[in-house]
Amino acid sequence: MDSFLMLFSEYDVLHAFLVNIELTLWSALFSMLLGTVLVMMRISPISSLRAVAGGYVEFFKNMPLTIIMVFMVLGAFAQLKLSFSDVFATNFFWLAVCGLSLYTAAFVCESLRSGINTVPLGQAEAARALGLNFMQSATQIILPQAFRGSVAPLGNTLIALLKNSTVAAAASVSTETSSLMSEMIEYHPDVIVSIFLIFAFGYVILIIPIGMLTTYLSNKLAVRR
Amino acid sequence: MTEQNSEIQRPMAALVPGAEDPRSPLVELSHVEKHFGELHVLKDINLTVGKGEVLVVVGPSGSGKSTMCRTINRLETIDSGVIRIDGRPLPQEGKELASLRAEVGMVFQSFNLFANKSILDNVTLAPIKVRHMDRKEAEDLAMELLARVGVDSQAAKMPSQLSGGQQQRVAIARALAMHPKVMLFDEPTSALDPEMVNEVLDVMVELAHEGMTMICVTHEMGFARKVANRVVFMADGRILEQNTPEEFFEHPQTDRAKDFLSKILTH
């Protein structure tokens, strides 16, 4: 018990978790937007758009996140001079958000596609038969139903994103949990079990409500047919 | 059967505004061919439907009648041949096709009401989005049409809260809200419980009497006798017979039609 008190007083564990939550929320927002655009491209009548979106999803789905994060720092920042801020920490925070968003968008796209598969073909046919164009049928009929049908897989994607946010360490975000954990282990190897427990329980506490909310929402929002 | 003959003398296109030549073809299919992979589903289909005409398409399942119906607003593409609506050939995908579809009403076997929209929004969506009608005007129109099909009291509900018959009547109102030149009915009563078939057929009969041009794929032979100007019999992807309902039902020409009628009329 003493070891916990010592660790909490010596390190700002809550702040580290806050950094991960921030990374997650921003990445969730951007990956949701990008994933929605991607899934619309995937169901669009224009075959080149379908091919581009399909290629994107396959590429990022099969690419290890660490490689993407390292690329954001060594490739996008160091070589391509992509920079968000002169402040070191801010810059790498947004580079990490970029990497996470690009990666997670592929999974958001796939989640939404599974939601689109729950929308009967007749819904799209009825929309087309009334003279609605592709964008109108997508935004009015198909996507609203697809979102409601993909709450569960989107929730899982969010959980994965929160855990993946620890890979931001690879993008030099030094204040987040896994960086802090390494630091704590380095200086206090004698209480390594306590350190593990802190972070393990921290994530469990964060993730269990997401799972419960997902289950609740997927029932509540399910489209009645 | 003679007492029914007087009933089918319904007014022709004279009632339809803007019909210069009442018998000019509104829908015209010529030499239409379609394959689903190996399957040859439409074989040299030639068909014209005049303004104000009510055409009933019958035939055994798998005869291509639904497919033919769906080619008319290009929900199914065709391999060769020409389909004209009001003299204009069907456009390719895109803006023009959307505007043509807006003028061709379609009612599906499975209703296909938008599950995420209320009954009222189902009817107002296309007038607002496609015709750019303002919301108030669209809602007035929708309520008037919903009253006409007898479901105005359900306007605030979601589709899943309505019975099949009510849903299908809403679907008809939704199509009518676009003031279509022609209405396509693709087996509109086949998914309904028996006691709900009539409420939908009544709406269709009323529409027919108002002079709407209608192409109905249906198994409702009573409806065909009552309001059709012409019955088209399809089998194996071909149109085998076209005739007035009384001639078709009393004196079918082909063995295929005789066989079909004997199977559906003997119960």
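Chain A has the name Amino acid ABC transporter permease in an unreviewed UniProt entry, where Bifidobacterium pullorum subsp. saeculare is given as its organism. Turning to chain A, the UniProt record has this under Sequence similarities (unreviewed entry): "Belongs to the binding-protein-dependent transport system permease family. HisMQ subfamily."

Chemist: Sorry if this is basic, but what is going on with the overall build of chain A here?
Modeler: Counting its regular elements, chain A contains 10 helices and zero strands. If you list the helices and strands of chain A from N to C, you get α-α-α-α-α-α-α-α-α-α. For chain A, the C-alpha atoms occupy an extent of roughly 70 × 45 × 25 Å along the three principal directions. Residue burial in chain A is summarised as follows: out of 225 residues, 45% are buried. Entry remark: accessible area of chain A is about 11200 Å², with carbon and sulfur atoms responsible for 70%. Treating the 11 positive side-chain charges of chain A as one cloud and the 12 negative ones as another, the clouds have centres 27 Å apart.

Chemist: I'm lost on the packing of helix α5 (residues 88-116) of chain A against helix α8 (residues 151-164) of chain A in this one. Help?
Modeler: Packed helices, taken two at a time, are described by the angle their axes make and the gap between the axes. Residues and elements named next belong to chain A. Closest axis-to-axis distance for the α5/α8 pair is 9 Å, and the angle between their directions is 165°. Regarding the angle of α5 to α8, the classification is roughly antiparallel. The handedness of the crossing between α5 and α8 comes out as right-handed. Of α8, the residues touching α5 (which contributes L100, Y103, T104, F107, V108, S111, L112 and S114) are P153, L154, T157, L161 and N164. Residue composition of the contact of α5 with α8, by class: eight nonpolar, five polar and no charged.

Chemist: What should I look at first to understand the sheet that holds strand β1 (residues 25-36) of chain B in this one?
Modeler: Paired through their backbone hydrogen bonds, the strands of a sheet run either parallel or antiparallel. If you trace the four strands from one edge of the open sheet to the other, you get β2-β1-β4-β5 (chain B), paired in antiparallel fashion. One side of each edge strand has no neighbouring strand; the edge strands of this open sheet are β2 (39-50) and β5 (88-89) of chain B.

Chemist: Just checking my understanding: could you explain the UniProt feature "domain: ABC transmembrane type-1" (unreviewed entry) in chain A for this structure?
Modeler: In the UniProt entry, the feature "domain: ABC transmembrane type-1" (unreviewed entry) is given for residues 17-214 of chain A. This span, residues 17-214 of chain A, is 79% helix and 0% strand, and a straight line between its end C-alpha atoms measures 21 Å.

Chemist: What is the right way to look at the packing of aromatic side chains in this model?
Modeler: Centre-to-centre distance and the angle between the planes together describe a pair of aromatic rings. Residues and elements named next belong to chain A. Per the stated rule, a full pass over the model turns up 13 aromatic pairs over all chains. Where W26 meets F30, the ring centres are 6.0 Å apart and the plane angle is 20°; that geometry is what we call stacked. Here the residue W26 and the residue F30 both occupy positions in helix α2 (residues 13-43), the gap between them amounting to four residues, near one helical turn. Plain terms: the ring middles of Y56 and F60 are 4.4 Å apart, the flat faces sit at 35° to each other, and that makes the pair tilted. In this pair, Y56 and F60 are both assigned in helix α3 (residues 47-61), four residues apart and thus about one turn of the helix distant. Just as Y56 is buried, F60 falls in that class too.

Chemist: Mind showing me how you'd approach the UniProt feature "transmembrane region" (unreviewed entry) in chain A here?
Modeler: Residue and element names in this part refer to chain A. Within this structure's numbering, the places UniProt gives as "transmembrane region" (unreviewed entry) are residues 23-41, 62-80, 92-109 and 191-217. The distance separating the terminal C-alpha atoms of residues 23-41 is 26 Å; by composition the span is 100% helix and 0% strand. With 68% helix and 0% strand, residues 62-80 has its two end C-alpha atoms placed 23 Å apart.

Chemist: Would you explain the side chain of A:Q145 in this entry?
Modeler: Tracing the backbone through its elements, the reader meets A:Q145 in helix α7 (residues 134-149). On the basis of relative accessibility, which here comes to 0%, the residue A:Q145 falls in the buried class.

Chemist: Honestly, the interface of chain B and chain A in this entry has me stumped. Any pointers?
Modeler: Quite often, the size of an interface is put as the accessible area lost when its parts meet. Taken together, the contacts link 24 residues of chain B with 19 residues of chain A. The interface formed by chain B and chain A contains one salt bridge. With a shortest N-O distance of 2.5 Å, B:R70 and A:E125 are connected by a salt bridge. Counting across the chain B and chain A interface gives eight residue pairs in polar contact (both at pLDDT 80 or more). Breaking the side of chain B that touches chain A down by element, the ones donating at least two residues are α3 (95-102), β6 (104-107), α4 (119-129) and α6 (164-176) of chain B. Looking at the side of chain B that touches chain A residue by residue, the class counts come to 14 nonpolar, four polar and six charged.

Chemist: For this particular structure, what's the right way to read the nonpolar core?
Modeler: Inside soluble globular proteins, nonpolar side chains tend to come together where they are buried. B:V27, B:L29, B:M68 and B:I215 are the most contacted members of the largest nonpolar core, which totals 83 residues. Counting residues per element, this core draws most heavily on α5(A), which supplies 13 residues. Excluding residues within four positions of it along the chain, B:M68 makes contact with B:L29, B:L42, B:I45, B:L47, B:V57, B:M234 and B:I239. In this structure, B:L146, B:V200, B:A228 and B:A257 belong to the second largest nonpolar core, which totals 55 residues.

Chemist: What exactly am I supposed to notice about the pattern of salt bridges here?
Modeler: Any two side chains of opposite charge can pair, given that their charged atoms come close. The full count for this structure, using the stated rule, is 18 salt bridges over all chains. B:D86 is the salt-bridge partner of B:K181, the closest N and O atoms lying 2.9 Å from each other. Pair noted here: B:K181 is in the loop between α6 and β7 (182-186) and B:D86 is in the loop between β4 (80-85) and β5, with a separation of 95 residues, a long-range link. The partly exposed category is assigned to B:K181, whose relative accessible area is 32%. The partner of B:D259 in a salt bridge is B:K263, and the shortest N-O contact between them spans 3.1 Å. Of this pair, B:D259 and B:K263 are both found in helix α10 (residues 255-265), four residues apart, which corresponds to roughly one turn of the helix. For B:D259, a relative accessible area of 32% gives the class partly exposed. Overall, B:K263 belongs to the exposed group, its relative accessible area being 55%. Each of A:R42, A:E58, A:K61, A:E110 and A:R113 takes part in a single network of salt bridges with overlapping partners.

Chemist: I'm lost on the sheet that holds β7(B) in this one. Help?
Modeler: Residues and elements named next belong to chain B. One open sheet accounts for six strands, arranged β6-β7-β8-β3-β9-β10; its pairing is mixed. Where the open sheet ends on each side, the last strands, each with one partner, are β6 and β10 (238-243). On average, each strand axis in the sheet is tilted by 20° relative to the strand beside it, whichever way the strands run. Judged from the five bridges that link them, strand β9 (residues 230-235) and β10 form a sheet pairing that is antiparallel.

How each quantity is defined
Residues numbered from 1 in each chain as written. Chains lettered and ligands numbered in written order. Predicted model: local features only at pLDDT ≥ 70, side-chain atom pairs only at ≥ 80, totals over all residues. Heavy atoms only, no water. UniProt positions renumbered as here; feature names shortened; annotations may be inferred. Helix = DSSP H or I, 4+ residues; strand = E, 2+ residues; numbered from the N terminus. Buried < 20%, exposed > 50% of the residue type's maximum accessible area, 1.4 Å probe, protein only. Areas by Shrake-Rupley, 256 points an atom, 1.4 Å probe, with all protein chains shown as cover. Lys, Arg positive; Asp, Glu negative; His and termini not counted. Charge placed at Lys NZ, Arg CZ, Asp CG, Glu CD. Axes fitted to C-alpha atoms, helices over the stretch in contact; angles between N-to-C directions. Parallel < 35°, antiparallel > 145°, perpendicular 65-115°, else oblique. Left-handed = near helix turned anticlockwise from the far one by under 90°. Contact = heavy atoms within 4.5 Å. Nonpolar A, V, L, I, M, F, W, Y, C, P; charged D, E, K, R; others polar. Pairing = 2+ DSSP bridges. Phe/Tyr/Trp six-rings, centres within 6.5 Å; stacked < 30°, edge-to-face > 60°. Salt bridge = Lys/Arg side-chain N within 4 Å of Asp/Glu carboxyl O. Polar contact = N/O pair within 3.5 Å; in protein donor to acceptor, adjacent residues only side chain to side chain. Core = buried A, V, L, I, M, F, W, Y, C linked by side-chain atoms within 4.5 Å.

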